[in-house]
Amino acid sequence: MTGPPGGHLVTVVGISADGALDAAAEALVRRADVVLGGRRHLDLVAPVAGQDRRPWPSPLTPALPSVMEELRGRRVVVLASGDPLVSGIGTTLVRALGADAVRIVPAVSSVALARARMRWSAVDSVVVTLVGRHEARVLREVAPGRRILVLTSGPETPSIIGELLTETGHPDAVMTVLGDLGSEAESRVERSAREWSTTPVDDVPALHVLAIEIPAGSGAWRSSWVAGLPDDSFENDGQLTKRDLRASALARLSPAPGQHLWDVGAGAGSVGIEWMRAHPTCRTTAVESDPERAARIGRNAVRLGVPDLRVVEGRAPDALTGLDVPDAIFIGGGATRPGVLDACLAALRPGGRLVVHGVTLETESLLGDAYHRHGGELTRLAVETTQPVGTFTGWTPLRTVTQWSFRG
């Protein structure tokens with residue numbers, strides 16, 4: 001088996017929990033010069049005389065290029081659980097070696113087995129992977145009647161998620177731990193989120209998929225994916241882009257899967273958080289100079305299910321140096337600081353979007369000038385809300401905001 005020019009072919013074979021292989025996969029393993037995998041996977045597959053079998057080094061990612069280079073020209077098979085492209089080594093190898101250098105031979109995935117055990121269709125459920133990731137990612141998916149399958153990192157995950165769900169108003173969510181799927185030791189334990197929050201780690205199988213069902217009548221749910229969460233969803237000190245203004249900004253920033261936002265002068269982080277809630281692959285870098293606000297952004301991000309939001313403590317434009325290139329930028333504060341607007345315009349990718357809010361005459365003048373020089377859209381946003389006026393009700397205006405939006 002030879003590889004493509006400049007590379008080599010690696011075959012990734014999925015195996016079931018009991019080590020079973022179909023005839024074609026078994027033949028691939030038997031003919032391999034080298035078989036790589038986790039120790040558990042290697043122990044499941046019958047030995048072949050003269051075959052070189054190696055467990056993965058730890059940590060894997062830094063060592064992977066040298067391992068693959070050493071094995072160049074040999075027939076290499078990698079063992080993986082179920083479908084290697086479901087939070088598996090297959091994805092890692094494709095990213096490291098390129099799609100043309102990797103062949104995938106999947107088995108039935110743990111996700112498919114979990115759906116079968118729960119009788120949940122793929123259309124009516126969602127999969128969240130927590131392998132190497134923060135457990136709060138689950139919170140983004142919470143909604144009445146929502147069915148969530150969680151690929152977990154270890155036996156501690158059910159208690160952590162049980163506690164998160166309980167703290168956010170969903171103690172009665174039904175959590176089912178499906179242990180050792182596809183093996184003779186397969187198990188199933190169903191409890192409420194509140195009960196799982198106090199379950200000892202020793203009572204949970206190391207290998208499991210977690211199925212979560214949120215009650216259809218859940219009254220605690222407020223976390224819509226549509227832009228404009230209630231203002232009190234965010235811990236803040238008053239430096240917050242208010243709900244209606246935030247919705248307007250995000251409509252023009254246009255979140256798209258995989259895209260990256262700079263939230264400059266982030267305050268409570270509300271715009272960057274809602275950007276990430278639009279899709280699980282959206283990314284945000286929030287830039288905030290105040291240490292207390294920077295810490296608050298991190299807390300808000302965790303509570304609202306986007307714990308991977310990156311917070312950079314510093315002041316623009318200096319703090320923007322070296323950041324990943326943005327697809328969109330929101331400037332909620334500090335636009336008049338010398339160099340900030342120019343740095344943001346220069347950083348945008350082609351087709352990138354920029355939205356700037358200003359409440360002072362100085363910022364309004366700056367945005368008017370930017371509009372005349374670059375074009376885009378200049379809008380004044382005036383919002384009024386009802387407040388008690390003695391025994392009556394009247395309108396109370398919020399501070400008028402000038403918004404400049406621009407597409408590169």
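Just so you know, these numbers come straight off a predicted model, no measurement behind them.

Undergrad: Explanation requested: helix α11 (residues 340-347) in the structure shown.
TA: Within the span of α11, buried status applies to Val340, Leu341, Cys344 and Leu345. Around the axis of α11, the buried residues are gathered within 130° of arc, so they sit on the same side. Taken together, the buried residues of α11 touch β11 (260-264), β14 (328-331), β15 (353-358), α12 (361-374) and β19 (401-407).

Undergrad: Sorry, what's going on with the confidence of the model for the chain here?
TA: Note: predicted coordinates in regions of low pLDDT should not be interpreted at a detailed level. Confidence in the prediction for the chain averages 93 pLDDT; 98% of positions are at 70 or higher. Scored below 50 in pLDDT, residues 1-7 makes 12 contacts in the model with residues more than four places away or belonging to other chains.

Undergrad: Help me out: how do you make sense of the packing of helix α3 (residues 60-70) against helix α4 (residues 89-97) in this one?
TA: Each pair of packed helices can be summarised by the angle the axes make with each other and by the distance between the axes. Where α3 contacts α4, the two axes come as close as 11 Å, and the packing angle between them is 60°. With respect to α4, the element α3 is oriented oblique. Considering only the axes of α3 and α4, their crossing is right-handed. Judged by residue contacts, Leu60, Leu64 and Met68 of α3 engage Ile89, Thr92, Leu93, Ala96 and Leu97 from α4. Partitioning the contact of α3 with α4 into residue classes produces seven nonpolar, one polar and no charged.

Undergrad: When you look at the pattern of salt bridges in this model, what are you seeing that I'm missing?
TA: When their charged atoms lie close together, side chains carrying opposite charge are able to pair. Overall, the coordinates contain 22 salt bridges when judged by the stated rule. The partner of Arg54 in a salt bridge is Asp52, with the nearest N and O atoms 3.0 Å apart. Between Asp231 and Arg246 there is a salt bridge whose closest N-O contact spans 2.8 Å. Of the two residues, Asp231 is situated in the loop between β10 (208-213) and α8 (243-253) and Arg246 in helix α8; the sequence distance between them amounts to 15 residues. One connected set of salt bridges, linked through shared partners, spans Glu235, Asp237, Arg293, Arg296 and Arg299.

Undergrad: Help me understand the environment of Arg54, please; the structure alone is not making it clear to me.
TA: Position of Arg54 relative to the elements: it lies in strand β3 (residues 52-55). Along the primary structure Arg54 and Leu36 are separated by 18 residues, whereas in three dimensions their C-alpha atoms are 5.0 Å apart. Excluding residues that lie within four positions of it along the chain, Arg54 makes contacts with Val34, Val35, Leu36, Gly37, Leu42, Glu70, Leu71 and Arg74. Reaching out from Arg54, the side chain makes a polar contact with the side chain of Glu70 at a distance of 3.1 Å.

Calculation notes
- Residues numbered from 1 in each chain as written.
- Predicted model: local features only at pLDDT ≥ 70, side-chain atom pairs only at ≥ 80, totals over all residues.
- Heavy atoms only, no water.
- Buried < 20%, exposed > 50% of the residue type's maximum accessible area, 1.4 Å probe, protein only.
- Helix = DSSP H or I, 4+ residues; strand = E, 2+ residues; numbered from the N terminus.
- Arc of directions from axis to C-beta.
- Contact = heavy atoms within 4.5 Å.
- pLDDT = per-residue confidence, 0-100.
- Axes fitted to C-alpha atoms, helices over the stretch in contact; angles between N-to-C directions.
- Parallel < 35°, antiparallel > 145°, perpendicular 65-115°, else oblique.
- Left-handed = near helix turned anticlockwise from the far one by under 90°.
- Nonpolar A, V, L, I, M, F, W, Y, C, P; charged D, E, K, R; others polar.
- Salt bridge = Lys/Arg side-chain N within 4 Å of Asp/Glu carboxyl O.
- Polar contact = N/O pair within 3.5 Å; in protein donor to acceptor, adjacent residues only side chain to side chain.

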